[in-house]
Amino acid sequence: MKNTSDLLRRLQRLMPAGVQPRFTTAEELLAWQQEEGRKRSVEVEKLNNKVRAEKIFGRSGIQNLHRNCTFKNYEVKGDGQRHALSLAKSYAMNFGNGFTSFVFSGSPGTGKNHLAAAIGNYLLAQNRSVLIVTVADLMLRVRACYDGGQSESALLDELDRVDLLVLDEVGIQKGSQHEKVLLNQIVDRRLAAMKPVGVLTNLNYDELAATLGERVVDRLKMDKGIWVNFTWGSFRSQVRNSQPYRQ
Ligand SMILES: Nc1ncnc2c1ncn2[C@@H]1O[C@H](COP(=O)(O)OP(=O)(O)O)[C@@H](O)[C@H]1O
Ligand SMILES: [Mg+2]
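Residues numbered from 1 in each chain as written. Chains lettered and ligands numbered in written order. Predicted model: local features only at pLDDT ≥ 70, side-chain atom pairs only at ≥ 80, totals over all residues. Heavy atoms only, no water.

You'll find the chain entered in an unreviewed UniProt entry as DNA replication protein DnaC, with Candidatus Pantoea gossypiicola given as the organism.

Describing the pattern of salt bridges
Applying the stated criterion to the full structure yields eleven salt bridges. Between Asp6 and Arg9 there is a salt bridge, and its shortest N-O distance comes to 3.4 Å. Of this pair, Asp6 and Arg9 both sit in helix 1 (residues 2-14), three residues apart, which is roughly one turn of that helix. In this structure, Asp188 engages Arg215 in a salt bridge whose closest nitrogen and oxygen atoms are separated by 3.2 Å. With Asp188 in helix 7 (residues 177-192) and Arg215 in helix 9 (residues 214-220), this pair connects stretches of sequence that are 27 residues apart. Through salt bridges with shared partners, a single ionic network connects Asp157, Asp160 and Arg189. (Salt bridge = Lys/Arg side-chain N within 4 Å of Asp/Glu carboxyl O. Helix = DSSP H or I, 4+ residues; strand = E, 2+ residues; numbered from the N terminus.)

Let's talk about the site of ligand 1
Taken together, 16 residues are adjacent to ligand 1, and Glu75, Gly109, Lys112, Asn113 and His114 come closest. Between ligand 1 and Asn113, the relevant distance is 2.8 Å, taken from an oxygen atom to a side-chain nitrogen or oxygen of the residue. Residue His114 places a side-chain N or O atom 2.6 Å away from an oxygen atom belonging to ligand 1. With respect to the pocket detection grid, ligand 1 is positioned in the largest pocket. The set of elements that each furnish at least two residues to the shell around ligand 1 consists of helix 4 (112-125) and helix 10 (235-242). Among the elements that take part in the shell around ligand 1, helix 4 stands out by supplying three residues, more than any other. Grouping the amino acids of the shell around ligand 1 by side-chain chemistry returns four nonpolar, nine polar and three charged. (Near = heavy atom within 4 Å. Polar contact = N/O pair within 3.5 Å; in protein donor to acceptor, adjacent residues only side chain to side chain. 1 Å grid on protein atoms, 1.4 Å probe; cavity = no way out; pocket = protein on both sides within 12 Å on 5 of 7 lines; lining within 4 Å. Sits in = over half its atoms within 2 Å of the grid points. Nonpolar A, V, L, I, M, F, W, Y, C, P; charged D, E, K, R; others polar.)

As for the side chain of Glu158
With respect to the helices and strands, Glu158 occurs in helix 6 (residues 153-161). If we skip the residues at most four places from it in the chain, Glu158 touches Arg52, Lys55 and Ile56. (Contact = heavy atoms within 4.5 Å.)

Points about the nonpolar core
With 33 residues, the main nonpolar core has Leu131, Leu159, Leu167 and Leu212 as its most contacted residues. Residues within four places of Leu131 in sequence aside, it is in contact with Ala53, Ile56, Phe57, Arg59, Gly61, Leu159, Val162, Leu164, Leu165 and Val166. Ala84, Phe95, Ala118 and Leu123 belong to the second largest nonpolar core, which has 27 residues in total. (Core = buried A, V, L, I, M, F, W, Y, C linked by side-chain atoms within 4.5 Å. Buried < 20%, exposed > 50% of the residue type's maximum accessible area, 1.4 Å probe, protein only.)

Topic: helix 7
Between its terminal C-alpha atoms helix 7 stretches 22 Å, which fits the 22 Å expected from 16 residues at 1.5 Å a residue. Those residues of helix 7 not exposed but buried are Glu179, Leu182, Leu183, Ile186, Val187, Asp188, Arg190 and Leu191. Buried-residue contacts for helix 7 involve helix 5 (135-147), helix 6, strand 3 (164-170), strand 4 (197-201), helix 8 (205-212) and helix 9. Positioned one or two residues after helix 7, Met194 has a phi angle of 55 degrees, which is positive. (Expected span 1.5 Å × (residues − 1).)

Things to note about the packing of aromatic side chains
Following the criterion strictly, the structure yields seven aromatic pairs and no others. Aromatic side chains Tyr91 and Phe95 sit 6.0 Å apart centroid to centroid with 65 degrees between the ring planes, which places their arrangement in the edge-to-face category. Across the pair, Phe95 and Tyr91 agree in class, each one buried. Pairing Phe102 with Phe104 gives two aromatic rings, centres 4.5 Å apart and planes at 35 degrees, and the pair type is tilted. (Phe/Tyr/Trp six-rings, centres within 6.5 Å; stacked < 30°, edge-to-face > 60°.)

As for helix 5
With 13 residues, helix 5 should reach 18 Å at 1.5 Å per residue; the first-to-last C-alpha distance of 18 Å fits that figure. Residues Val135, Leu138, Met139, Val142 and Cys145 constitute the buried set of helix 5. The buried residues of helix 5 all sit within an arc of 110 degrees when viewed along its axis, so they share a single face. Exposed residues pointing more than 90 degrees away from the buried face of helix 5 are listed as Leu140 and Asp147. (Arc of directions from axis to C-beta.)

Some details on the pairing of strand 2 (residues 130-134)
Burial analysis of strand 2 places five of its five residues in the buried class, the great majority of the element. A two-sided burial pattern is seen for strand 2, the buried positions comprising Val130, Ile132 and Thr134 on one face and Leu131 and Val133 on the other. Where strand 2 meets strand 3, five bridges bridge the pair, whose relative direction is parallel. Bridge pairing in strand 3 links Leu131 to Leu165. (Pairing = 2+ DSSP bridges.)

Put into structure tokens, the structure is as follows:
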């Protein structure tokens, strides 16, 4: 307390006349310092979460194309979409209780990325770290590790750290054996660390099991894991079809 009293006395000497001191006792100054320190460390933690995804891929966790996707601007036409929206919403609201994973399966343009980005944007607003990345981008990043003479383990560590990792376009390209091993490893490590994974895919259950490994897909179901089939048509063709015919 002596140092704090000294500091306060020195501050009082420096203060121009007429300025009302913010602290009149050493205790008040100490309490203020502690509170500022606490606020600062909360801010640093938030910042760390934000930059975590940026550090890995040199971009924000959600690509520009899907930056504005929310639950609000997801249009519902039919029970399937209503169900998908409600599951995605409750996934976001309950995030952090357990480590529930999700799989959104369906053909291109059906809104898998839209709902995954809506979940991601919701979590980012709560200062969680989120990374949505295509398997192709992930493989490029892994190759960059090799080219730079680094092992992939630092990358895997970073992928373990984000609060939500969403693997996009799983199964779009026919992956090499190495790709399968790596994906298997990424999902396996996260689930072992009780961290959730989202998977966006055009594959059905059996095909996904063949790609990620039966055991890993089984583990995605743990802790009330969610599987949603996006069975409707592409959003763009729906929009086009609903436009009045013009010559
Ligand atoms: N139900 C929907 N309501 C509003 N926009 C949608 C809906 N479904 C898809 N979209 C939009 O259509 C585009 C393609 O959807 P996307 O989520 O990328 O499809 P997928 O990932 O299934 O291929 C995106 O711009 C997305 O925001
Ligand atoms: Mg997509």
